[in-house]
Amino acid sequence: MLFGGFDIVVIVLVIFVILVLFAGIKTVPQGYRYTIERFGRYTRTLEPGLNLITPFIERVGARMNVMEQVLNVPTQEVITKDNASVSADAVAFFQVLNAAQAAYQVSHLENAILNLTMTNIRSVMGSMDLDELLSNRDAINDRLLRVVDEAVQPWGIKVTRVEIKDIQPPRDLVDAMARQMKAEREKRAQVLEAEGARNAQILRAEGAKQSAILQAEGQREAAFRNAEARERLAEAEAKATKMVSEAIAAGDVQAINYFVAQKYTEALASVGSAPNSKIVLMPMEASSILGSLGGIGAIAREVFGDAGNPPPPSPPRPRPAPIRSTPPINPPAPNPFNPDQER
């Protein structure tokens, strides 16, 4: 089949229209923004979805990723305020809010954010002491976020987070810090031990004080009880002495015999029960003791009467010796020590 000139022109026109349609239809994926330039000048931003542009007059300028992105900050040397050299690295999170500003206000966006973050890390960390740098990482992150976010606002960028990943002091400085921490902990341990010993001594002193107080109170109570007992004993003794004195004054001789016999018997009992006495010399006659016992028996008979106690039986009389009719051949010699014997 042969095509004429008109057919060829129609085919060319159809192909041209198809190419124009493909060139004018732009599909923007989710999470991206496309900038449109007309003769090299920015005109608008295409949103995600199907968009139409003017072929051969408008073109896509920049394809910007508006999702949140992560930027790793390499390790860098930082000199702190107290002249300590440390190594630090970080990570930054940012998001494009304005695609046109991010595309036309700054060149090499990620490199610009990276260098800005690095310089601010050196500035912020260099204005702090080493101890403050190691203990206030949250404060460093907040200051970095505030400074970097304020610096990238003209670029249509929002820095959502800046985090310090690691801070590495020199090895000798780490050893010195470890020794310092050990000394500080030993100091705290000694302080706690001293406080514990002091509290223990205080408690022991309080216990000894309470014990002494209770012991003194017990001794006082015992002394009071002993004094009361001695007072009662003295009253009883005085009462007994008074009764004996009244009996003597009334002419009752048996009362004084009872009193003397009681004291005499008590003295003998105390002498006999002494632990260091083995031989007791008694310079008194047996008749004195029997007389005292007889006085006590007489008092008892007067008190209780003779009805209850029958009289003791009389001892048997001795038989008279038989009379010898024959006188002895040798009469006994007279005893010069017996005065009753006939001479």
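This structure is a prediction, so every number in the text was calculated from the model and none was measured.

Draft legend 1. Summary view of the packing of aromatic side chains. Scanning the entire structure with this criterion turns up two aromatic pairs. Ring centres of Phe16 and Phe56 lie 6.3 Å apart, and the angle between their planes is 5°; this geometry places the pair in the stacked category. With a gap of 40 residues between them, Phe16 in helix 1 (residues 5-24) and Phe56 in the loop between strand 4 (49-52) and strand 5 (58-65) connect regions that are remote in the sequence. By relative accessible area, Phe16 is classed as partly exposed at 47%. Classification of Phe56 by relative accessible area gives exposed; the value is 66%. Where Tyr42 meets Tyr104, the ring centres are 5.6 Å apart and the plane angle is 55°; that geometry is what we call tilted. A residue pair is termed long-range when its members are at least 10 positions apart, and Tyr42 in strand 3 (residues 41-46) and Tyr104 in helix 2 (residues 99-104) qualify at 62 residues. A relative accessible area of 30% means that Tyr42 is categorised as partly exposed. Residue classification places Tyr104 among the partly exposed positions, given a relative accessible area of 36%. The side chain of Arg63 reaches across the aromatic face of Tyr34, ending 5.0 Å from its centre. The aromatic ring of Phe93 is capped on one face by Arg161, whose charged end is 5.2 Å from the ring centroid.

Thresholds applied
- Counting restarts for each chain: residues are numbered from 1 in the order of the written sequence.
- The predicted origin of the model limits local features to residues at a pLDDT of at least 70 and limits the giving and counting of side-chain atom pairs to 80 or more, whereas totals for whole chains, interfaces and linings rest on all residues.
- Side-chain numbers come from the whole structure's heavy atoms, not from hydrogens or water.
- Note on aromatic contacts: the rings of Phe and Tyr and the six-membered ring of Trp form a pair at centre separations within 6.5 Å, being stacked when their planes are under 30 degrees apart, edge-to-face when over 60 apart, and tilted otherwise.
- The secondary structure listing takes helices from DSSP runs of H or I that are at least 4 residues long and strands from runs of E that are at least 2 residues long, numbered from the N terminus.
- Each residue gets one of three labels from its accessible area relative to the maximum for its type: buried under 20%, exposed over 50%, partly exposed in between, using a 1.4 Å probe on protein chains only.
- The rule is short: NZ of Lys or CZ of Arg within 6 Å of the ring centre and within 35 degrees of the ring normal puts a charge over the ring.

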